[in-house]
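Per-entry structural report
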Amino acid sequence: MEFLNALVAFANFVLVPATAYGAQLALGALGVTLIYGILRFSNFAHGDTMAFGTMVTILVTWALQAAGVSFGPLPTALLALPFGIAGTALMVLGTDRLVYRFYREQRAKPVILVIVSMGVMFILNGVVRIIIGPGEQNFADGERFIITAREFKTMTGLDEGLAIRSTQGLTIVTAVIVVALLFWFLTYTRTGKSMRAFSDNEDLALLSGINPERVVAITWIIVAALATIAGVLYGLDKSFKPFTYFQLLLPIFASAIVGGIGSPLGAIAGGFLIAYSEVMVTYAWKKVLTYTLPDNLAPDGLVQLLSTDYKFAVSFVILVIVLLFRPTGLFRGKSI
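The structure reproduced in this document is the subject of the present report.

The rules behind these values
Residue numbers run consecutively from 1 along every chain, following the written order of its sequence. Given that this is a predicted model, residues contribute local features only at a pLDDT of at least 70 and side-chain atom pairs are listed and counted only at 80 or more, while totals for whole chains, interfaces and linings are drawn from all residues. Side-chain metrics in this entry use all non-hydrogen atoms of the structure; hydrogen atoms and water are not considered. Numbering goes from the N terminus for both helices and strands, where a helix is a DSSP run of H or I of at least four residues and a strand is a run of E of at least two. Type-normalised accessible area, obtained with a 1.4 Å probe on protein chains alone, sets the label of each residue: buried when under 20%, exposed when over 50%, and partly exposed for intermediate values. Should any heavy atoms of two residues lie within 4.5 Å, those residues are counted as being in contact. Any N or O atom pair separated by 3.5 Å or less is treated as a polar contact, with the protein-specific requirement of one donor-capable and one acceptor-capable atom, and with residues adjacent in sequence counted only for side-chain atom pairs. Helix span is expected to be 1.5 Å times the residue number reduced by one. Should a side-chain nitrogen of Lys or Arg be within 4 Å of a carboxyl oxygen of Asp or Glu, the pair is scored as a salt bridge. Helix axes use the C-alpha atoms of the stretch in contact, all axes being lines fitted to C-alpha atoms, and the angles between their N-to-C directions lie in the range 0 to 180 degrees. When the near helix sits turned anticlockwise from the far one by under a right angle, the crossing is termed left-handed; a clockwise turn instead gives a right-handed crossing. In this classification, Asp, Glu, Lys and Arg are treated as charged, Ala, Val, Leu, Ile, Met, Phe, Trp, Tyr, Cys and Pro as nonpolar, and every other residue, Gly included, as polar. Buried Ala, Val, Leu, Ile, Met, Phe, Trp, Tyr and Cys residues form a nonpolar core when they are joined through side-chain atoms within 4.5 Å. The cut-offs work like this: below 35 degrees is roughly parallel, past 145 is roughly antiparallel, 65 to 115 is roughly perpendicular, and the gaps in between are oblique. Only the six-membered ring of Trp is used, alongside the rings of Phe and Tyr, when aromatic pairs are assigned; centres must lie within 6.5 Å, and planes under 30 degrees apart are stacked while those over 60 apart are edge-to-face, with the rest tilted. The rule for a charge over a ring is simple: NZ of Lys or CZ of Arg within 6 Å of the ring centre, and within 35 degrees of the ring normal.

Moving on: the environment of Lys-153. By the element assignment, Lys-153 lies in helix H5 (residues 149–156). The class of Lys-153 is partly exposed, set by a relative accessible area of 38%. Spatially, the C-alpha atoms of Lys-153 and Ala-163 are 9.9 Å apart, while their sequence positions differ by 10 residues. Residues contacting Lys-153, with those up to four places away along its chain left out, are Leu-158, Asp-159, Glu-160 and Gly-161.

Right, let's get into the side chain of Thr-174. Among the structural elements, Thr-174 can be located in helix H6 (residues 166–188). On the basis of relative accessible area, Thr-174 is assigned to the buried category, the value being 16%. Separated by 2.7 Å, the side chain of Thr-174 and the backbone oxygen of Leu-170 make a polar contact. Setting aside its immediate chain neighbours within four residues, Thr-174 contacts Ile-229 and Leu-233.

Another point: helix H2 (residues 46–66). Taking 1.5 Å per residue, 21 residues should reach 30 Å; H2 reaches 30 Å between its end C-alpha atoms and fits that length. Just downstream of H2, Gly-68 is the residue with a positive phi angle, here 85°.

This part is about the pattern of salt bridges. Enumeration over the complete set of coordinates arrives at 7 salt bridges. For Asp-96, the salt bridge identified is with Arg-104, shortest N-O distance 2.8 Å. For Arg-104, a relative accessible area of 25% translates into the label partly exposed. A salt bridge links Arg-107 to Glu-202, with the nearest nitrogen and oxygen atoms 3.9 Å apart. Of this pair, Arg-107 sits in the loop between helix H3 (77–105) and helix H4 (110–132) while Glu-202 sits in helix H8 (residues 202–207); the two residues are 95 residues apart in sequence, bridging distant segments of the chain.

Attention now moves to the packing of helix H1 (residues 2–39) against H6. It is at 9 Å that the axes of H1 and H6 come closest, and there the two elements cross at 30°. As H1 runs across H6, the sense of the crossing is left-handed. Residue-level inspection shows Val-16, Pro-17, Thr-19, Ala-20, Ala-23, Gln-24, Leu-27, Leu-30 and Leu-34 of H1 in contact with H6, the latter providing Gln-168, Thr-171, Ile-172, Ala-175, Val-178, Val-179 and Leu-182. Of the residues assigned to the contact of H1 with H6, the class counts are 12 nonpolar, 4 polar and no charged.

Leu-27, Leu-30, Tyr-100, Trp-220, Leu-226, Phe-240 and Leu-248 are the most contacted members of the largest nonpolar core, which totals 79 residues. Ranked by residues supplied to this core, first place goes to helix H9 (residues 212–237) with 15 residues. With residues up to four places along the chain from it excluded, the contact list for Leu-30 reads Val-179, Leu-182, Leu-226, Pro-264, Ala-267 and Ile-268.

What follows concerns the packing of H6 against helix H7 (residues 190–200). Two numbers describe how H6 lies on H7: the axes approach to 5 Å, and their chain directions differ by 80°. As summarised for this structure, H6 and H7 are arranged roughly perpendicular, according to the angle between their axes. Note on element contacts: H7 touches H6 through Arg-190, Thr-191, Gly-192, Lys-193, Met-195 and Arg-196, opposite Phe-185, Leu-186, Thr-187 and Tyr-188. Looking at the contact of H6 with H7 residue by residue, the classes come out as 4 nonpolar, 3 polar and 3 charged.

Enumeration according to the criterion identifies 10 aromatic pairs in this entry. A centroid spacing of 6.0 Å and a plane angle of 15° characterise the contact between Phe-13 and Tyr-283, whose relative ring orientation is stacked. Of the two residues, Phe-13 sits in helix H1 while Tyr-283 sits in the loop between helix H12 (264–282) and helix H13 (286–292), which places them 270 residues apart along the sequence. Relative accessible area serves as the criterion here: at 36%, Phe-13 is assigned to the partly exposed category. Judged by relative accessible area, which is 10%, Tyr-283 ranks as buried. Put simply, the rings of Phe-10, Phe-13, Tyr-283 and Trp-285 touch in pairs and so form one group of aromatic residues. One residue, Lys-311, lies across the ring of Tyr-21, its end atom 5.3 Å from the ring centre.

The next thing to look at is the environment of Thr-282. With respect to the secondary-structure elements, Thr-282 resides in helix H12. Sequence separation between Thr-282 and Tyr-310 is 28 residues, and the spatial gap between their C-alpha atoms is 7.9 Å. If near-sequence neighbours (up to four positions away) are discounted, Thr-282 is found in contact with Gln-304, Leu-306, Ser-307, Thr-308 and Lys-311.

Under the 1.5 Å per step criterion, the end-to-end length of H9 is 37 Å for 26 residues, consistent within 8% with the ideal 38 Å. Burial analysis of H9 places 21 of its 26 residues in the buried class, the great majority of the element. One side-chain oxygen at the N-terminal end of H9 lies 3.1 Å from the backbone nitrogen of Glu-213; it belongs to Asn-211.

The structure is reproduced here in structure tokens:
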């Protein structure tokens, strides 16, 4: 019985939150890895692209709620999500036409595009703060829990309760659907095969008659969709604050690089690795150890390796270790 209580406590505070967070990081890292694999540069504006897409979704959500529209037990934000994706797609396509295309035509080195993307990042960050404000915004509605701790205790008779929030379940289900659709698109459609060919060998792809501007445009649209979905799911699960999305850039890039930047499968694996590492290192293990150890060995302290304030440091340390010992990442990325 004590072991089951320990297992439930672990699931409640580590397994479920880390799985939801990992799914959000994986979707974000997929956008980064697609840009790197096809357009050949690291897009530092990706976190603020997520913030922009979430902002558009929030504004449409508020408009729907004001009009009395709801989605039953599900968040109204799901109805607003297509508008957020469309708005973000228009924004990134406009940015590409006004900014990135010039450097692409000049065959600028990737480091130049990285610096340019940092400029875009700061502009986007300012635009989002001006429009929606720098403070925390809540836009979640619908049912809050799939199962509450009290219901779980009543069902099982255990001392520990397992609470699963609706947003956590929604994140995991949505991520599975989105990833499956993306892999199907890249593997079985003509456009997806063109994108993979362009990523493997740009010159050969051009000789084969592939339209590079079409590939670039579709890549940006897919990235806009991934960024918006990841941003909205993160905002629903936690809350929306523009600066938080700026900070998310580190764990998202760490996920892409650890998995193997340019590898979609690596981005997913990296996202979950970073998420589980962050949550496990910053979790206070006292409750789990109290259930599993004899009374005379039960810890007095929290048994917390790092405060939650330092969770992004975990991503940084893992990133440095991987760059030192396996620069190509777990899945040897660099192409899709």
